[in-house]
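Structural description and commentary
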Amino acid sequence: MREVCTAALCFPAFFFSVALVVVAAFWLLVLCGAADVHGFDGDLPLGAVGLGGLPVSVAVSAMAVAGWCAALAGTVALGRLTGPGVVRSGLSLVVLVAALVVAHGAARLLAGRWWPPRARFPSAGAGAEAARPGTARPGAGPG
């Protein structure tokens, strides 16, 4: 347990540990009603990085959790395989980049597979009835 706690506070897992604490605090504020889940949705264009359709809070949360897990595993592995020195510092940078790639991949997986795309579920605005087969608009008769 000491090894994991030490790894969580060392480079590169430290950055993801801080992000995880911020994400946990945000979701606690959401649970208490002091913050809105969709409060940041207009601030970042997530479609440009392949995360379109996800709320910003969900994308950042997924990236923080996945990145923290990858960075922590990499940091623990480096601690067991190498000693302190230049080699470990260089490999720590590799772990940081790998954790960022894993974090982005996890968020893209969430956006593509598990989060319902907006095109598949049209909004309740105009044309929503026409998108569902077998439904007709009120007042529209045959012919």
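Residues numbered from 1 in each chain as written. Predicted model: local features only at pLDDT ≥ 70, side-chain atom pairs only at ≥ 80, totals over all residues. Heavy atoms only, no water.

As for the pattern of salt bridges
In this structure the tally under the stated criterion is one salt bridge. A salt bridge links glutamate 3 to arginine 80; the nearest nitrogen and oxygen atoms lie 2.9 Å apart. With glutamate 3 in helix 1 (residues 2–8) and arginine 80 in helix 3 (residues 56–81), the pair connects residues that are 77 residues apart, well separated along the chain. By relative accessible area, arginine 80 is classed as exposed at 62%. (Salt bridge = Lys/Arg side-chain N within 4 Å of Asp/Glu carboxyl O. Helix = DSSP H or I, 4+ residues; strand = E, 2+ residues; numbered from the N terminus. Buried < 20%, exposed > 50% of the residue type's maximum accessible area, 1.4 Å probe, protein only.)

Considering the side chain of serine 61
The topology assignment puts serine 61 in helix 3. A distance of 2.6 Å separates the side chain of serine 61 from the side chain of tryptophan 27, its partner in a polar contact. Of note is the side chain of serine 61, whose polar atom sits 2.6 Å from the backbone oxygen of serine 57. (Polar contact = N/O pair within 3.5 Å; in protein donor to acceptor, adjacent residues only side chain to side chain.)

Side note on the confidence of the model for the protein chain
Mean pLDDT over the protein chain stands at 79; residues scoring 70 or higher make up 76%. Ranking the elements of the protein chain by mean pLDDT puts helix 5 (residues 128–131) last, at 49, and helix 2 (residues 13–32) first, at 92. (pLDDT = per-residue confidence, 0-100.)

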